[in-house]
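The primary structure of each chain is shown beneath.
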Amino acid sequence: MSTPVDPSLTSSDTQAAAKPDTQVSATGTTNQAAAAQSYDVNTQIKSLEDLKAKAPEVWKKILEGIATTIIGRMRDAEARRRQIARDNQK
């Protein structure tokens, strides 16, 4: 047999109740701390200092990306220098 349904609930009420009270943060994790963030898709960032203040985890990921790019370019340049040095020894 089916369970009785409360007629006071509408379909929109049940859909709203089924959604968890969390949000996905910029790092892709879902937790209660992310729900307390001070920015959303409509937040306007006018300077890097503003970004650092409003979204520190996004700021950190940007810096990590820049550092990774710099390290990769340094490795490529070193490999080119080594290859040039090997070619000149022949």
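Residues numbered from 1 in each chain as written. Predicted model: local features only at pLDDT ≥ 70, side-chain atom pairs only at ≥ 80, totals over all residues. Heavy atoms only, no water.

### As for the overall build of the protein chain
If you tally the helices and strands in the protein chain, you get four helices and two strands. Order of helices (α) and strands (β) in the protein chain, N terminus to C terminus: α-β-β-α-α-α. Looking at the protein chain as a whole, 8% of its 90 residues qualify as buried. If you take every contact in the protein chain between residues at least 6 apart in sequence, the share linking residues at least 24 apart comes to 11%. Entry remark: accessible area of the protein chain is about 7900 Å², with carbon and sulfur atoms responsible for 56%. (Helix = DSSP H or I, 4+ residues; strand = E, 2+ residues; numbered from the N terminus. Buried < 20%, exposed > 50% of the residue type's maximum accessible area, 1.4 Å probe, protein only. Contact = heavy atoms within 4.5 Å. Areas by Shrake-Rupley, 256 points an atom, 1.4 Å probe, with all protein chains shown as cover.)

### What to know about the confidence of the model for the protein chain
Counting all residues, the mean pLDDT for the protein chain is 74, and 58% of those residues have values of 70 or more. Taking the mean pLDDT of every element in the protein chain, the minimum, 43, falls on helix α1 (residues 11–18) and the maximum, 96, on helix α4 (residues 56–89). Contacts for the low-pLDDT stretch residues 27–32, under 50 throughout, to residues beyond four places or in other chains number twelve contacts. (pLDDT = per-residue confidence, 0-100.)

### Focus on a nonpolar patch on the surface
Judged by side-chain polarity, I62, L63, I66, I70 and M74 come together as a nonpolar surface patch covering roughly 450 Å² of accessible area. Position of I70 among the secondary structure elements: in helix α4. (Patch = residues over 30% accessible without salt bridge, like charges linked within 9 Å, V, L, I, M, F, W, Y side chains within 5 Å. Salt bridge = Lys/Arg side-chain N within 4 Å of Asp/Glu carboxyl O.)

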